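Here is what each chain is made of, one letter per residue.
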Amino acid sequence: MNPIGILGGTFDPVHNGHLRLAIEMREALGLSSVKLIPALYPPLRAAPGMDASRRLRMLEAAIEGENGLEVDARELQREGLSYTVDTLRSLREELGNTPICLIVGMDTFCHFDKWHQWKELPKLAHISVAHRPGSARPESGAVADLMTSRGVNDPAKLRERCAGHVIVQKIPALDISATRIRALLNAGKSIRYLVPDPVNEILKRGELHHA
Ligand code: ATP
């Protein structure tokens, strides 16, 4: 059974870096689809500047017509901090034995041991780490140990069990961040070609928001 990919984030706003990450990982790892899951309140960073319904609308506009990308709003419907472990538990209940691949950038993965109940996560999903040229790998400590003990190179292994492997996948870098997009918006500059046009339209219709 082909795995399902999960890409969580604040998506404040969604941009082409996120969308290419999802597509690169889907194609490299043979994922049947990737669910983009916006967080209501991310536990490890400041609350997003744009409200949840606007972030959700932009995500839906961004993926329209792209088979194999979906938006999943379950974290917006839950109260409190958006813990990935809760999201994976609810997905696991729905998906039975379908393999799940949690997609994270290497920058995010380096701090994986700070995530709530992080040791539970590999019991619920494979961890697929997108390695962009120039991003540092964990060299020692708990996250490096996790990579060594659970690491696989062959994406076919992800189909053999529903969780538990760590796979590092090289992807081309697109130097786009939501932080920069917010700064450009606040400075009244163009963000065209950094985000899909329908997202640009929604942003242009809205008020400036804080970086
Ligand atoms: P911010 O600038 O506000 O921190 P961001 O652009 O990093 O936001 P997030 O929503 O926090 O976006 O990121 C969600 C996930 O997408 C993370 O795992 C992050 O590593 C990854 N990601 C973000 N931008 C890129 C990019 N340009 N290329 C590949 N992965 C990315």
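In what follows, the accompanying structure is described. (Residues numbered from 1 in each chain as written. Predicted model: local features only at pLDDT ≥ 70, side-chain atom pairs only at ≥ 80, totals over all residues. Heavy atoms only, no water.)

Overview of the side chain of H15
Stated formally: Only DSSP runs of H or I reaching four residues or more are called helices, and only runs of E reaching two or more are called strands; each is numbered from the N terminus. In this scheme, a residue with accessible area under 20% of its type's maximum is buried, one over 50% is exposed, and one in between is partly exposed, where area comes from a 1.4 Å probe on protein chains only. What qualifies as a polar contact is a pair of N or O atoms within 3.5 Å, subject to a donor-acceptor requirement within protein and to the restriction that residues adjacent in sequence count only when both atoms come from side chains. Pairs of residues are marked as contacts when any of their non-hydrogen atoms sit within 4.5 Å.
Turning to its location among the elements, H15 is positioned in the loop between β1 (4-9) and α1 (16-29). Look at H15 and you get buried, because its relative accessible area is 5%. Within the structure, the side chain of H15 is placed 3.0 Å from the backbone nitrogen of G17, a separation counted as a polar contact. A polar contact is formed between the side chain of H15 and the backbone nitrogen of A178, at a distance of 3.5 Å. In contact with H15, not counting residues within four places along its chain, are I176, S177, A178, I181, L194 and V195.

Describing the pattern of salt bridges
Going by this rule: Whenever Lys or Arg places a side-chain nitrogen within 4 Å of a carboxyl oxygen from Asp or Glu, that contact is recorded as a salt bridge.
A complete count under the given rule lists 13 salt bridges for this structure. The residue R74 makes a salt bridge to D72 at a minimum N-O spacing of 2.9 Å. Summarising the burial analysis for this pair, R74 and D72 share the class buried. K114 is the partner of D113 in a salt bridge, and the nearest nitrogen-oxygen pair spans 3.5 Å. Relative accessible area serves as the criterion here: at 28%, D113 is assigned to the partly exposed category. According to the relative accessible area criterion, K114 is exposed, its value standing at 54%. One network of salt bridges, in which partners are shared, links R26, E27 and E66.

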